[in-house]
Structures are given as C-alpha cells and as structure tokens.
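Each chain, written out:
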Amino acid sequence: MAIIETKNLSRLYQDGDHIIHAVDKVNLEIEAGEFTAIVGPSGSGKTTLLNLIGGLDSPTEGEVIVDGKAIHKLKDNALINFRLQHIGFVFQAYNLIPVLSAQENVEFIMLLQNASARERKTRAQELLKAVGLEAQMHKRPAELSGGQQQRVAVARALASKPSFVLADEPTANLDSKSTEDLLDIMHKLNQEEGITFIFSTHDQRVIDRASRIIYVEDGQIKENH
Amino acid sequence: MKTVFKIAWRNIWRNKLRSAVVVCSIFLGIWAGIFVSAFSFGLNEQRKESMIRNQISHIQIHNSTWLDQKEVAYTFSATAVDDYLNKDPRLKAYATRSKASGMVSSAHYSGAAQIIGVNPNAEAALSNLEEKLTEGEYFPEKGRNPVLIGRALAKKLEAKIGSRIILNFSDGQGNIISSAFKVKGLYKDVSSKMEELNLYVRQSDLQTLLGLESVQVHEIAALLKEDADIEILQQELQANFPALAIQSWKQISPELAYADEIMTQMLYIIIGIIMLALSFGIINTMLMAVLERRKELGMLMCVGMSRTKVFSMIMVETFYLALLGGPLGILFAYYSVWQGSKSGLDLAAFSDGLATYGIDSVIYPALPTSFYWGTTLLVFIMTLLAAIYPARRALKLNPVETLRTI
Ligand SMILES: Nc1ncnc2c1ncn2[C@@H]1O[C@H](COP(=O)(O)OP(=O)(O)OP(=O)(O)O)[C@@H](O)[C@H]1O
Ligand SMILES: [Mg+2]
C-alpha cells in the first residue's frame, strides 16, 4: 500500500487579480522504500507539493492521504502532532536550534514525543554515528559546516522514526563535496534501513541518484518514472 | 517541559548585551523605585511622628463646647479622667493643659498669643517641648511666672532670657487680666509662625490668673505605646465620658491621617509606573528576539513542536529576564533601605525647607514588609503581561511563510 497518496490535489494562490495554480490536480502515489526526486524549473510547484504532502500547507482542493490518514482534514494541533509522529523534515536551511548541541538537537524531536532519556541518548548517538558525526555530537550548529549541519538535520528527521523523510532542496546551500556526502548518507539509509526519502532538487547529480523522478511543471506532473 | 526551560535559558544569552541591558534596567528600576518609596514613606512617618510629638498627641480630650468656641469658660474636671488614665498600662504619657488666647507685648512689639499652661513634668514626658529649648531653662523651680517663648517671637519682642513681657487675656467672667511673665527659655519650632504664636507657662500660674480650680482644665493629651490601641482607648473613653469630646490624631489632623492612608497607594502607583516603563523594555526586547528567530520558530512548528510549547518557551524566556533583575532589585533595595534606616540620610542642605513641613533634616527610609511582597507580586504580574504579547506574536507566525522568506 502507498504511504502517500494524493487525489486531485490543487493549491491555488491569488496573485493580484490572477490565480496561480502552484499545484494543479496532482494524482500521486509513493510507496515505502522509494528514493524519489521531485524535479522541475523554479516556480513549478515543488515546494508547494512537498508542503502539502508534509501537512505544512492545506490544499485548495483534493486529498492528501498519509499512512492511511486524510491529513487535509486534520485541525491545527492534530496536524502538528501528526507531523511529529509520521514525517521527518529536512529544510534547505535553519534546520537546527542554534543553542543546542548536535546531539541535543536530535534528542529534541524525541523529547517532543516523550521518549525516555535513555532511549533518546542511545538513538541520537546511533543516528549521529550513522551520518558520520560521531566526533561532532557535542558541537553546536555554528561550530559545524553547512554539510555537517544538514547531516544533523537528517539524523534529527529520522529520530522520530517517521514513515518517510521530506527534504526540500536539502543540498541547495552545499558545495559539491558536501552534496555528495549527504547523498551518500541518504542513499545508504534508504538502501540499508529502507528509509523513504522524497526530496526536491535542481541538482543533476542528485537527480542521477534517485530511484524515481517526478517531473513537475506549472504545478502538474509531466513525467513520472 | 524541562527542555523548554533549558532552551529558553540558553536563548536569552544568545544576545548577551541585549539581555544584560534589560536585566540591569529591571534591577536598577526596581531598586530605585523601592528606595524612593522607602524615602517617601520614611519622610511621611517622620512627619507624622513629629506632628504627634510636637502638637497633637494620639488622643485629645476637651469639653465638647470648647472645640467650637475656644473660650476660657469651657473647661472640664480632670479628676475622673485622670483616675482612669492613671492606671492604664497602654499609656506612654499624658498631661493636662490650660489655654487662653490673648496678646503678648513688650516695649517694642505686641501681637496675638496663644497661652498654654502646662504641667512641666507631665508635659516633658508627653511632648518634646523641653527638647525644643535652644536657650534658657525649662521651668526652673525658682522665680515667679516663668514663660517659654519661641525664637521668632523673642526677636520681635526684642526679649532675651530674663526679660519681662506682658500677657493680656480675659478670664471666664470677661475680665481682662494683665500679668507680667519672665522669659526663662527660648524654643525652636518647625515653623516661625508657631514660634510667634505659642507661649508656654506653668499650668498652675495660668489657672490662678484665670480663677480656675487646679482640676479644671481645657485639654488632656495622651500618647500611647502602640498605635493599634489608639482607637480602642478612644472608644473606651468616649463610653466612659460621654459628655467630653474625645478625638484621636486622625480626627484632630485629618490631612495627616489622609496622607498616611494614601501613602502606600501612592507608592504602589510610583512602582507601577516604573514597572510599566520596564515592561515596555521587556516587550521590545522579546519582540525583537521573536522576529529575529522567526525562521527557527517556524522550523520548530514545522517539525512538530506544539504551539503551546512555542508559547511557553517565549513566556519562560521573558520570565528569566524579569526574574534575574526583579528579585535582585528587591533584595538590593531591602538592604539599602535597612542600611539607610540605621544611619539616616542627612538632607541638611534642604532642611530649612523641610522644617516648615515639620520634618527633621535626617531622613530614615522605611517601608512596611508587606510592600516588598506587594512589589514582588507586581513584578510577577508585569512579567506575565509583558510576556504574553511577544509569545502571542510567536504563535501567529505562519511556519511555511517563515521558511519561504529568505
Ligand atoms: N505564498 C504564496 N503566495 C503567492 N504565490 C505563491 C506563494 N507561494 C508560492 N507561490 C507561487 O506558487 C508557485 C510555485 O511555487 P513553489 O515555491 O512551490 O515553486 P518551486 O518549484 O519550489 O520553486 P523553486 O525551485 O524556486 O523553489 C510559484 O509561482 C510561486 O510564485
Ligand atoms: Mg522551492
């Protein structure tokens, strides 16, 4: 069964007196274990689509079903809690709390889930090890490179044991070496742990690594393979 | 929730200077506010004490007609009241007085005079008449008709110690009495007007001249050990002596009583205004902090931090700022008021002005303990109110928007 399903999903924006179809009647299914890239020119609707799937934005029309739940019907607080329990997020920037160390940042999300102190600590250290940041666990974000920060963000996204991870242009601010490293880690997690990743990107190298590519233009899916 | 406290605590130190400025301004504002309050309160207490010691005492007893028509004839018999007060342990001191209005004259000047006949020993215990003497002796044993006059009057009369002055007044029967008195002492009072008006003679001398028995007096003034007993004793006396007018200091000097009553309210208003100003500083700082961090706050809401938690985090940050400065300010204020109350603050430079209000030149700041608790409560309320607005602003952030705008 698909973990994500959208039905006739639309998100319109009013811009002065004309209407922008940021996402236009999208029907999409994503299965567990996919490593999916959402690709398209700037302004094509990638971010809007990811936000709708992630329950950060609500559709003008249509349905979003995540883990069998129609999340477009959820109220604010229920939606926040749904995101916490079901979805991992990696943003382009501002992923971390600057006053917390890498480990504390990863633990934070589990704290919101009321996990025990021991569980938090072991899992945070495990995850940071998995993204290759064993030595940086106690550093604060400002003491880490951009690439390292994004890897902490991936660890943080996984900490809550989500069904999938949404990443909107996770490599956009990174140099090519850091981009490679981050992709290696994400790909490895996908291959070895079966973690589902859905990410948007402009970067051809990132696209090349994807197992599935969804090409959007003007809010519509043009290619899907 | 523990983490919310931890993050909040670290957050306030992200901009050390800004937080330090807010903490310091709260600290200084509250310190200064309380100290100024203690100063005003102390000033008022001293004024009250001095008025009570100087002029009005705690309780005054008169013939009820005397209050309206201050004529020699309206005396009352002191015996029964004397017996009653004599054995009352609540009393610190009391004294009887006789009074007459008339004229004082010397070769150089004559003017209106209020002649007060006092019992020297009882009066010395009751009021500070003896301490007010700057020259001469307080009713020496020897010599006929001694009188104590104010320095201002002495100057006008061109009288010195040993000078003779003439007092004219009418007795109860309408006869004008004229008698010579010898200046035995000069006193200093809080105002030159009082120095000019009031003359103190021996009660027995005055009674003889007025043709009154020694038990026939115009006034009994009493001082109590405890303020709390004043009204109780007043009521008891009134019940026992319904024909007499028994007044407490609050009735004798309503403006003094009023000042006493509104003092604390005034001080709370002062503190309140200071806190209002401080709370704008807090709100401003926290709003800046929220707006600066809107992407971070947006991210937290995106990944699943509930609005309640975001709200609490900002509230806690505000409380940290206020609770670092506030209690410190209160403690410092408490200490400096305590120090000040021991040594007093000498305002000799302004004391001429103060003297006209009946105040010493050394001010002893004082505050009731309840005021410190009240201020603590006010700090809490201020913080709560100041915290709500920035925290609400954080709540209103649209997470998706904050992430979109670079
Ligand atoms: N809040 C908004 N108000 C109005 N129009 C919006 C808003 N958000 C997005 N849009 C419009 O919706 C369309 C899709 O935007 P979106 O950000 O999803 O594109 P994108 O594919 O992510 O672009 P990029 O590659 O530049 O990130 C654009 O035309 C954009 O201008
Ligand atoms: Mg985008």
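Everything in this summary refers to the structure shown in the same document. What you see is a predicted model, and the numbers here were worked out from it, not measured in a lab. (Residues numbered from 1 in each chain as written. Chains lettered and ligands numbered in written order. Predicted model: local features only at pLDDT ≥ 70, side-chain atom pairs only at ≥ 80, totals over all residues. Heavy atoms only, no water.)

On to the environment of Val 131 of chain A, then. All names here are of chain A. Looking at the secondary structure, you find Val 131 in the loop between α4 (117-130) and α5 (146-159). Look at Val 131 and you get buried, because its relative accessible area is 1%. Measuring from C-alpha to C-alpha, the distance between Val 131 and Ile 65 comes to 30 Å, with 66 residues separating the pair along the chain. Not counting residues within four places of it along the chain, the set of residues in contact with Val 131 comprises Arg 151, Val 154, Ala 155 and Ile 185. (Helix = DSSP H or I, 4+ residues; strand = E, 2+ residues; numbered from the N terminus. Buried < 20%, exposed > 50% of the residue type's maximum accessible area, 1.4 Å probe, protein only. Contact = heavy atoms within 4.5 Å.)

Moving on, we get to the interface of chain A and chain B. Facing 27 residues of chain A, the contacting portion of chain B comprises 21 residues. Interface area for chain A against chain B, summed over the two sides, is near 2,200 Å², with a carbon-plus-sulfur share of 66%. On the chain A side of the contact with chain B, Ile 80, Tyr 94 and Val 99 of chain A bury the most area, a combined 23% of that side's loss. Taken together, the links from chain A to chain B amount to three salt bridges. The closest approach of N and O atoms between Asp 76 of chain A and Arg 307 of chain B, which form a salt bridge, is 2.6 Å. Viewed at the interface, chain B and chain A are joined by six residue pairs in polar contact (both at pLDDT 80 or more). Elements supplying a minimum of two residues to the side of chain A that touches chain B: α1 (46-53), α2 (76-86) and α3 (102-112) of chain A. Considering each element in turn, the side of chain A that touches chain B owes the most residues, five residues, to α3 of chain A. In terms of residue class, the side of chain A that touches chain B is made up of 16 nonpolar, five polar and six charged. (Buried area = accessible area lost by both parts, 1.4 Å probe. Salt bridge = Lys/Arg side-chain N within 4 Å of Asp/Glu carboxyl O. Polar contact = N/O pair within 3.5 Å; in protein donor to acceptor, adjacent residues only side chain to side chain. Nonpolar A, V, L, I, M, F, W, Y, C, P; charged D, E, K, R; others polar.)

Moving on, we come to a nonpolar patch on the surface. All names here are of chain B. Where nonpolar side chains cluster on the molecular surface, the patch consists of Leu 323, Leu 377, Phe 380, Ile 381, Leu 384, Leu 385 and Ile 388 and spans about 610 Å² of accessible area. No other element matches the six residues that helix α14 (residues 369-396) contributes to the nonpolar patch. Within the secondary structure, Leu 377 is located in helix α14. Here Leu 377 falls in the exposed class, since its relative accessible area comes to 55%. (Patch = residues over 30% accessible without salt bridge, like charges linked within 9 Å, V, L, I, M, F, W, Y side chains within 5 Å. Areas by Shrake-Rupley, 256 points an atom, 1.4 Å probe, with all protein chains shown as cover.)

All names here are of chain B. Among the five residues of strand β6 (residues 146-150), five are classified as buried, and the element is accordingly described as predominantly covered. Residue alternation in β6 divides its side chains into two sets, Pro 146, Leu 148 and Gly 150 and Val 147 and Ile 149, and both sets are buried. Bridge analysis of β6 against strand β8 (residues 176-187) gives five bridges, and the strand direction is parallel. By the bridge assignment for β8, Ile 149 is matched with Leu 186. Looking at chain direction, β6 and strand β9 (residues 198-202) are connected through three bridges and run antiparallel. Bridge pairing in β9 links Val 147 to Val 201. (Pairing = 2+ DSSP bridges.)

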